[in-house]
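Coordinates in review
Take a look at the letters that make up each chain.
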Amino acid sequence: MVITSTVTDPEQQTQSLYSTFASRYVRDPIPRFKMPEKCIPKEAAYQIINDELMLDGTPRLNLASFVTTWMEPECDKLIMASLNKNYVDMDEYPVTTELQNRCVNMIAHLYHAPIGDDETAVGVGTVGSSEAIMLAGLAFKRKWQAKRKAEGKPYDKPNIVTGANVQVCWEKFARYFEVELKEVKLTEGYYVMDPVKAVQMVDENTICVAAILGSTLTGEFEDVKLLNELLTKKNDETGWDTPIHVDAASGGFIAPFLYPDLEWDFRLPLVKSINVSGHKYGLVYPGVGWVVWRSKDDLPEELVFHINYLGSDQPTFTLNFSKGSSQIIAQYYQFIRLGSEGYKNIMENCRENARILKEGIEKTGRFNIVSKDIGVPLVAFSLKDSSQHTVFEVSDHLRRFGWIVPAYTMPPDAQHIAVLRVVIREDFSRGLAERLVSDIEKVVDLLDTLPSPLSTKAAHVTAVASETSEKVNKSAFETQKEIALYWKRLVDGKRVGAC
């Protein structure tokens, strides 16, 4: 099909071309589940897709996500130039492989791995922390199984002890690789794993205890040092050697720069592996993650594959095979571009903006702050009074101003608490923080003028109580708890966060 046009201006010609095919697209839309029969010009295909993508949210206003949404133009150029490189072709792209190894070494030294300056660290780049956690978990499972086999003991019922606040990728690992997930339940006011309760749950089948440095729910760091002390004592008493894995997906690029004296990493003897997300506070576009081990002894050799059909002997330990090189190159760019000084400056700025936002929300007098000052720079907060309106309504109305602020309920046994969470990233400025506070005030003022959507439910509860001749006399706390549980059922208890 040939399109002729008398328009000479390139932009007008492109628009004319698009208009011709867009009108045909409206009359004969692309089938939902079938590839179109005929091709269309590239300009038309681009414009059709671009128009639909305009309906997506704005990434910088997506305050639900920890994922990086902005990088410098120079890094964007490096990413575009390397999009066609398949990282697995190590013999073909040896420089890219070297850049990945440098990144692993930098991260290992950042986490105080016991290696010399001229030694090679043990680790690998992954597609986000989800794959990193799968690899670390597999290493723990295989080491535990090998030891149990050597001792002539059963090795078919491995388990991992975590807090109920872990990200969903831990549930995936447990289900996919047949490992029991033993979760320490939360309590109101304490939304991270209790080390005392965690160690009590450890038994001879525990392959590791997973601690979270930067909870998805509140940003809080778990007490890895105390966990190490308690677990060391239990190991000495029982003869076990249960190790620790630290899921530092969110906090791994924060703690070393904001809290350098905090002991959570390889300075603690039982910490055998750590994962971190490069695409979160590593300041790289998704998706890239990293997992590093204390030493070679902590990564079973049987899990490392050696291939030679791409040109040379190449060791590989990943769940996938082919993957892009661009995010690894981008991570190396950020490391050498920013250095420790740059990362520290950015994290301090994020922390300061989180403080500004927290103070603004507190001044409204309508919310309780749930998050802590030490941790990932985010603000989690709940309504002081949820008897008429809920945080889910606040979240919904904020979307009208362009903000994407998630509302969710806590995991067991604190599921009656519902909160909003704002993640502060590098591209979230003080001006945006002040604007968000202003919009939150507008939303709660608006909700005060609207009827409560819970009134129908309240009437139903009253009717049921009347029919059964039961006297209903709930305290304000009980009412709030019931409402939170009601909304939890509506959202089906979904976890939040991304790796």
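Residues numbered from 1 in each chain as written. Predicted model: local features only at pLDDT ≥ 70, side-chain atom pairs only at ≥ 80, totals over all residues. Heavy atoms only, no water.

The chain is annotated in an unreviewed UniProt entry as Glutamate decarboxylase from Stylosanthes scabra. Turning to the chain, the UniProt annotation filed under Cofactor (unreviewed entry) states: "pyridoxal 5'-phosphate". The UniProt entry for the chain carries the following comment under Catalytic activity (unreviewed entry): "L-glutamate + H(+) = 4-aminobutanoate + CO2". (UniProt positions renumbered as here; feature names shortened; annotations may be inferred.)

Attention shifts here to helix α5 (residues 128–150). With 23 residues, α5 ought to run about 33 Å at 1.5 Å a step, and its terminal C-alpha atoms sit 34 Å apart, in line with that. Note on α5: the residue one or two positions beyond its end, Gly152, has a positive phi of about 70°. (Helix = DSSP H or I, 4+ residues; strand = E, 2+ residues; numbered from the N terminus. Expected span 1.5 Å × (residues − 1).)

We now examine the packing of helix α4 (residues 94–110) against helix α10 (residues 326–363). Running from N to C, α4 and α10 point in directions that differ by 50°, and their axes come no closer than 9 Å. The angle between α4 and α10 places the two elements in the oblique class. Here the hand of the crossing between α4 and α10 comes out left-handed. Across the interface between the two elements, Thr96, Leu99, Gln100, Arg102, Cys103, Met106 and Ile107 from α4 touch Ile328, Ile329, Gln331, Tyr332, Phe335 and Ile336 from α10. Residue composition of the contact of α4 with α10, by class: nine nonpolar, three polar and one charged. (Axes fitted to C-alpha atoms, helices over the stretch in contact; angles between N-to-C directions. Parallel < 35°, antiparallel > 145°, perpendicular 65-115°, else oblique. Left-handed = near helix turned anticlockwise from the far one by under 90°. Contact = heavy atoms within 4.5 Å. Nonpolar A, V, L, I, M, F, W, Y, C, P; charged D, E, K, R; others polar.)

Moving on, we come to the sheet that holds strand β11 (residues 378–383). Reading across from one edge, β10-β11-β13-β12 is the order of the four strands in this open sheet, with antiparallel pairing throughout. Two strands bound the open sheet, and with one partner strand each, they are β10 (367–369) and β12 (407–409). Across the sheet, the axes of successive neighbouring strands diverge by a mean angle of 40°, strand direction being ignored. In this sheet, strand β13 (residues 418–423) lies alongside β11 in antiparallel orientation, the contact comprising four bridges. Each residue of the ladder has a partner; that of Ala380, found in β13, is Arg421. Here α10 sits on the sheet in contact with β10, β11 and β13, set at roughly 15° to β11. Against the sheet, helix α11 (residues 391–398) contacts β11, β12 and β13, and its axis sits at roughly 35° relative to β13. (Pairing = 2+ DSSP bridges.)

With respect to the element layout, Lys323 can be found in the loop between β9 (314–316) and α10. Within the buried core, Lys323 has no salt-bridge partner, and the shortest N-O distance to an opposite charge, that of Glu131, equals 5.2 Å. Residues contacting Lys323, with those up to four places away along its chain left out, are Lys85, Asn86, Tyr87, Val88, Gly125, Thr126, Val127 and Ile328. (Buried < 20%, exposed > 50% of the residue type's maximum accessible area, 1.4 Å probe, protein only. Lys, Arg positive; Asp, Glu negative; His and termini not counted. Salt bridge = Lys/Arg side-chain N within 4 Å of Asp/Glu carboxyl O.)

The next thing to look at is the packing of α11 against helix α12 (residues 430–449). Where α11 contacts α12, the two axes come as close as 10 Å, and the packing angle between them is 120°. Compared by their axis directions, α11 and α12 come out oblique. Between α11 and α12 the crossing geometry is right-handed. Contacts from Glu393, Val394, His397 and Leu398 of α11 reach α12 at Leu436, Asp439, Ile440, Val443, Leu446 and Leu447. For the contact of α11 with α12, the per-class residue count stands at seven nonpolar, one polar and two charged.

All told, the structure shown has 19 salt bridges when counted by the stated rule. Between Lys42 and Glu43 there is a salt bridge; the shortest N-O distance is 3.4 Å. Its salt-bridge partner being Glu72, residue Arg337 comes within 2.9 Å of it at the nearest N-O pair. Note that Arg337 is positioned in helix α10 and Glu72 in the loop between α2 (42–53) and α3 (73–81), a separation of 265 residues in sequence. Given the relative accessible area of 18%, Glu72 is considered buried. Each of Arg60, Arg425 and Asp427 takes part in salt bridges that share partners, so that together they form one network.

Okay, the sheet that holds strand β5 (residues 244–247) next. Across the sheet, seven strands lie side by side as β1-β7-β6-β5-β4-β2-β3; this open sheet has mixed pairing. Edge positions in the sheet fall to β1 (122–126) and β3 (180–184), since each has one partner strand and no second. Direction aside, the axes of adjacent strands within the sheet are offset by 20° on average. Helix-sheet contacts for α4 involve β1, β6 (271–277) and β7 (289–293), and the interaxial angle to β7 is about 60°. Relative to the sheet, helix α6 (residues 168–176) contacts β2 (159–163), β3, β4 (206–212) and β5, its axis offset from that of β3 by approximately 145°.

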